[in-house]
Structure formats: structure tokens, C-alpha cells
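# Secondary and tertiary structure notes
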Amino acid sequence: MPAPRKQPLSAERLENLAALAGISRLELTIEKVVQGGDGLARWRDLPIFVPRAAPGDVVEARITERRPGYARAEIEEVISPGPLRREAPCPFYARCGGCQLQHIEDDAQLGLKAAAALEALRRLGGIDPAQLARCHVGEPVADRRWGYRLRARVHVQQDEDGTTGVGFRRRRSHDLVRVDRCPVLAPALEASLPDLPRLLDEAARSGKAAPGRLSLATEGLGEDSLVVASPPVVGLPAGPLEIELPGRRLTFDARCFVQAHGGLLETLARSAVGDFEGETAVDLYAGVGFFTVGLADRYGAVTAVEAESVAARYARNNLRLNGLRHCQVERAAVESWVDGKAGGEGLANGLDRVLVDPPRVGLSWNVRRALLRAAPARLTYVSCDPATLARDLGALTRDFDLESITFFDMFPQTAHLETVVQLRRRG
Ligand SMILES: C[S@@+](CC[C@H](N)C(=O)[O-])C[C@H]1O[C@@H](n2cnc3c(N)ncnc32)[C@H](O)[C@@H]1O
């Protein structure tokens, strides 16, 4: 979670901070979950962020960090559980850093994340509250909460006894938590975990050193879906996978980004592409063309921009595969491309549509400036980080009106949240 905004410290808060310096354990009542997944409690007027807490929990907590405007604490004991708390289903949850919300009932997670994201939009973005109030906030969208994930990056570690371990990073540490199951992974992906150490050991015996990290991907939610790895592992296929969207085929492999939730692909694509139509559209941060192929149905010419060479190659292949001759892929960093520094003319004026789907860091200042300058009739922002989304919308809503915001639970059991925002040029 980004640090809360700096504000002048009141005399009372300074006094409270001084008092907190002499205290290592506190009883706290958790008010709510904030953006990033931590619980928020207050000691006197001081905000204290507590990971793995649920609203209504009363906990005994150990202070781990003291900052001028806030503190952080770890739960030592749950004195009285809040109404949404449950026993985490995964046996690795206490140690593994992959999930943050397994201690909260499945049905409650998305509502808590959506409320925290809306609060981040209000507090961090400086978005005009009247605009936010006018914007339609859609019903949050969820599908299966377990066995959904089509991609995973696992860490590989050779232990002193020579055995190979595969797993995820421990919470707040670079150490490995070895796992032989991970119930958020799609079934075929999860089923591949127990075999990985043996396959990597066999490869090592024949002279192929184990990689430090392994990207795994599968193409569907079936038990028998193909699983591929990158770098390749002898015993697992390495070749392309294919997912289907209505009327479209998309190829990719374990090196590429692909939307993570196998049950929400179609709904997410439909929501982002929407019912709008026109002549010209640009898909920035296009990956293998997940949104490009949908925009292709509705626009006379579509340009997709993607920096990674492998993803851009798949995107071109996917356009060919689907016979989309009116679309093209530019392999370039968006930051250079929009200003015409990647060989082309850059982001043109008069476009009917731009869709952006950046990584967590969001848009750089020059991409925001280029969008404001080019002023497309419609702008769609697909975000996987509400904090950077808030910052970017703060700038973009100077010239664009917010039409709708829809939250998608693409990452159940974790604090991550996907958001689709539809904007329209003002005037
Ligand atoms: C969140 S993913 C979205 C991909 C695609 N829209 C999809 O839905 O599958 C972000 C994509 O942007 C690409 N990317 C990251 N930084 C970039 C940059 N500076 N310029 C262009 N592409 C970038 C990544 O390689 C990745 O494919």
C-alpha cells in the first residue's frame, strides 16, 4: 500500500507517537480493510495497519514499524474474531506471501476490496468528488474463488542437502516456502507442482542447471489442460497455448502476460471493449492482443502497442490467426511510442478510442500528457492497481469525464483487484 498522504502532525498525534514509542504490544480493534489488503485500526488517533486482519477483529498486536503519521503491527493473537474471519483453507497461508485475504470469507473479499479501491480513488487521486459521485459504479464481478489462476511464477531453490525446492516467497522475506499444492491455481497447473522438483533434479543431473524462477501457464480450467513452463523444463511442454474468446483464438506461452482468471476472460474483455464503435482505435500495453481482437470487431483500424518482443510476436500471430488485416502491432515502449520517438507518428489526434492496460506502475507522466493532448473521443483504463489508477485518473479527469467503474475479482484470496474505467472526452 502506498504510504498515506503526508499531513502536518497535530500536537495530539505527536504526543500519541511519543507514547507509542514505549509500547510494543497493543489491543486493537480492526475497523476495515484498506487498499493493499491490510486491516486498519486506530490507537488514540494514530492509524495502525495490520496485515491479515479482518473487520471487527479484536487482536493483540506487536508494533513492527513506527512512522510519523502511522504505524504497522503484526497480529500476535486474535482475541475475538470479526464476523468475516475464517480459518484460512490453504495450509501454507500463514507462511506464504502469495495470498493476503484467505482469512476472510470468500463472499466478503470483493466488497471489501472494492470499497477500499473507491476510497483510494477518493483520497489519493484528487479526482473531483462531484465527478466520482456522478460516475456509475457497476456491480463488482466475480467468478470462481479457487482453482482460477492460469499463470504462476514459482521460485526454485537448491537446498544444502542438494534437493530442489519449488514454491513462493515467504511473507516479508526472500526465503522460499516450498509448496506442493496451491489451491488458487487452475487444476492442471496445481497438479504440476509436486512433479517439478523431480523434473528439475533430473535436468540438473543431465547438466541443466535449475533456473531461479519458473513461469508456468495453462490454457484452461480443466484437469487435463496443457501446462507449459519457461524456461523449458524437460518433461513439461514449452510450446504455445491457446485460449478462446467468442469467435477469437489467442495464442501465448509462459513468457507472456495473459489475464490471470480463467473464469473471467470473456466478461472482462466484454466490459473493457464495450459497445462503442468507430473508425480508429489504439490498444496500449496490448500484450498478446487480448483486447485488440475485441476492438477489431468494432473499429475500422486498430493499432496495438506492446514492448515485449515475445508478446508482440504472439499479438501479430493472433491477428493473422483471426484474419484481422485491419489491425497492426507496434513493438515499442508506450512512453516512446506516444511521443513519436519509436519510429512512427505517435498518438494521433482525432482517435475514436484508446484503451490502456498498463502494469502496476500505471501511466508515466508523458503518457498521461499524450492522452490529454490527443484527446480521443473515448478512453478505457484497465488497471490492476487502484493506487496508480487513482493518480492517473486525477490527471485524466481534467479533460475526460468518468462514465463507469467496474471492479473484477481477477485475483481472489489476494489483495489485488482489477478495475475497468470508461471515460469520455469532455465537450
Ligand atoms: C497488464 S499487461 C496487459 C496486457 C494485455 N492488455 C492483456 O490484457 O493481456 C501489461 C502489458 O504491457 C506490457 N508493457 C509493460 N510496460 C510496457 C511499456 N512501457 N510499453 C509497452 N508495453 C509495456 C507488458 O509486457 C504486458 O504485456
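How each quantity is defined
- By convention here, each chain's residues receive numbers from 1 onward along its written sequence.
- This being a predicted model, a pLDDT of at least 70 is required before a residue's local features are given, and a value of 80 or more before pairs of side-chain atoms are given or counted; all residues contribute to the totals for chains, interfaces and linings.
- No hydrogens and no water enter the side-chain calculation; it runs on all heavy atoms of the structure.
- Per the convention used, a helix needs a DSSP run of H or I reaching at least four residues, while a strand needs a run of E reaching at least two, with both numbered from the N terminus.
- Our radius of gyration is a C-alpha quantity, and the globule rule it is checked against amounts to 2.2 Å times the number of residues to the power 0.38.
- Only protein chains enter the calculation, and the probe is 1.4 Å; a residue is then buried if its accessible area is under 20% of its type maximum, exposed if over 50%, and partly exposed in between.
- A contact between two residues is defined here by any heavy atoms of the two lying within 4.5 Å.
- Computed with the Shrake-Rupley method and a 1.4 Å probe, the accessible areas treat only the protein chains shown as cover for residues.
- As annotated, the domain borders come from an automatic or database domain assignment.
- With a 1 Å grid laid over protein atoms only, a set of points is called a cavity when a 1.4 Å probe fits there but cannot get out and a pocket when it is open yet has protein on both sides within 12 Å along at least five of seven lines; lining residues have an atom within 4 Å of a point.
- Grid points are joined across faces, edges and corners, and a volume is the space filled by probe spheres set on the points.
- Residues are grouped as follows: Ala, Val, Leu, Ile, Met, Phe, Trp, Tyr, Cys and Pro are nonpolar; Asp, Glu, Lys and Arg are charged; every other residue, Gly included, is polar.
- Within this document, salt bridges are pairs made up of a side-chain nitrogen of Lys or Arg and a carboxyl oxygen of Asp or Glu, the two lying within 4 Å of each other.
- The cutoff for a nearby residue is simple: one of its non-hydrogen atoms must lie within 4 Å of the molecule or strand.
- The term polar contact refers here to a pair of N or O atoms within 3.5 Å; inside protein, the definition further demands a hydrogen-donor-capable atom paired with an acceptor-capable atom, and it admits residues adjacent in sequence only when both atoms are side-chain atoms.
- Note: two strands are recorded as paired if DSSP finds a minimum of 2 bridges between them.
- As a rule, the C-alpha atoms of each element are fitted with a line to give its axis, helices using only the stretch in contact, and angles between N-to-C directions run from 0 to 180 degrees.
- Joining through side-chain atoms within 4.5 Å is the link that ties buried Ala, Val, Leu, Ile, Met, Phe, Trp, Tyr and Cys residues into a set, and such a set is a nonpolar core.
- Look down the strands so they point away from you; if the path from the first strand over the helix to the second goes clockwise, the crossover is right-handed.

What follows covers the overall build of the protein. In terms of helices and strands, the protein carries 11 helices and 20 strands. Relative to the globule expectation of 22 Å for 427 residues, the C-alpha radius of gyration of the protein, 23 Å, shows essentially globular dimensions. Buried residues in the protein amount to 54% of all 427 residues. Considering only contacts within the protein whose residues lie at least 6 apart along the sequence, 63% involve residues at least 24 apart. Approximately 18900 Å² of the protein is accessible, and the part contributed by carbon and sulfur atoms is 48%.

The next point concerns the domain arrangement of the protein. The domain architecture assigned to the protein consists of domain 1 (11–80), domain 2 (107–143 + 264–425) and domain 3 (151–242). A straight line from the C-alpha centre of domain 2 to that of domain 3 covers 31 Å.

A word on empty space enclosed by the protein. Scanning the model with the defined rule gives 1 cavity of 30 Å³ or more in all. Space inside the largest cavity adds up to approximately 50 Å³. Forming the walls of the largest cavity are Val33, Val34, Gln35, Gly36, Gly37, Leu101, Leu112, Lys113, Ala116, Ala415 and Leu417. Counting residues per element, the lining of the largest cavity draws most heavily on helix α2 (residues 106–124), at 3 residues. Across the lining of the largest cavity, the residue classes break down as 7 nonpolar, 3 polar and 1 charged. Taken together, domain 1 (11–80) and domain 2 (107–143 + 264–425) each give at least three residues to the lining of the largest cavity, which thus spans both.

Tallied over the full model, the rule gives 30 salt bridges. Here Glu74 makes a salt bridge to Arg172, at a shortest N to O gap of 3.0 Å. Here the residue Glu74 occupies a position in strand β5 (residues 71–80), and Arg172 occupies one in the loop between β8 (164–169) and β9 (176–178), the gap between them amounting to 98 residues. With a relative accessible area of 12%, Glu74 lands in the buried category. For Arg172, a relative accessible area of 59% gives the class exposed. One salt bridge in this structure joins Arg181 and Glu190, with 3.7 Å as the shortest N-O distance. Looking at Arg181, the relative accessible area reads 34%, which means it is partly exposed. One network of salt bridges, with partners in common, ties together Arg25, Glu60, Arg62 and Glu76.

Attention now goes to the site of the ligand. Neighbouring the ligand are 17 residues; Gln259, Glu306, Val334, Glu335 and Asp357 lie closest to it. At 2.7 Å, a side-chain N or O of Glu306 approaches an oxygen atom of the ligand. At a separation of 2.9 Å, a nitrogen atom of the ligand approaches a polar backbone atom of Val334. Taken by itself the ligand offers 590 Å² of open surface, and the protein chains cover 87% of this.

As a further point, take unusual backbone geometry. In the segment running from Ser230 into Pro231, the intervening peptide bond is cis, with an omega of -5°. Mapping Pro231 onto the fold places it in the loop between β11 (227–230) and β12 (241–245). Even without being glycine, Arg172 reaches a positive phi, approximately 50°. Phi at Ala375 takes a positive value of approximately 45°, unusual for a residue other than glycine. Along the polypeptide, Ala375 turns up in the loop between α10 (365–374) and β18 (378–383).

On the secondary structure map, Asp201 appears in helix α5 (residues 196–205). The residues touching Asp201, leaving out its near neighbours within four places in the chain, are Gln158, Gly162 and Thr164.

Take the sheet that holds strand β14 (residues 278–284) next. The strand order across the open sheet built from 8 strands is β6-β19-β20-β18-β17-β14-β15-β16, with neighbouring strands paired in mixed fashion. Each edge of the sheet is formed by a strand with only one pairing partner; in this case those strands are β6 (136–137) and β16 (327–331). Of the strand pairs in this sheet, β6 and strand β19 (residues 400–408) are connected by 2 bridges, and their pairing is parallel. Opposite His136, over in β19, you have Ser404 as the bridge partner. The strands that helix α11 (residues 386–396) touches are β18, β19 and β20 (418–425); relative to β18, the one it contacts most, it runs at about 160°.

The biggest cluster of nonpolar side chains holds 74 residues, and the ones touching the most others in it are Leu193, Leu214, Leu216, Phe252, Phe290 and Phe291. Broken down by element, the residue count for this core peaks at 6 residues, all from helix α8 (residues 309–321). When residues of this core are assigned to domains, at least three map to each of domain 2 (107–143 + 264–425) and domain 3 (151–242). If sequence neighbours within four positions are ignored, Phe291 has contacts with Gln259, Leu268, Ala269, Ala272, Val273, Asp283, Leu355, Asp357 and Val382. Within the second largest apolar cluster, 39 residues are counted, among which are Cys135, Leu371, Leu372 and Ala390.

Our next topic: the environment of Cys256. Locating Cys256 in the fold gives a position in the loop between β13 (248–252) and α6 (265–273). In this structure, the C-alpha to C-alpha distance between Cys256 and Glu308, residues 52 residues apart in sequence, is 8.3 Å. Here Cys256 is in contact with Arg151, Val288, Val310, Ala311 and Tyr314, once residues within four sequence places are set aside.

With that settled, consider the pairing of strand β17 (residues 353–356). Side chains Arg353 and Leu355 project from β17 onto one buried face, and the interleaved Val354 and Val356 project onto a second face that is buried too. Sheet topology note: the β17/β18 ladder contains 4 bridges and is parallel. Residue pairing for β18: Leu355 is matched across the bridge by Thr380. The handedness of the β17 to β18 crossover, carried by α10, is right-handed.

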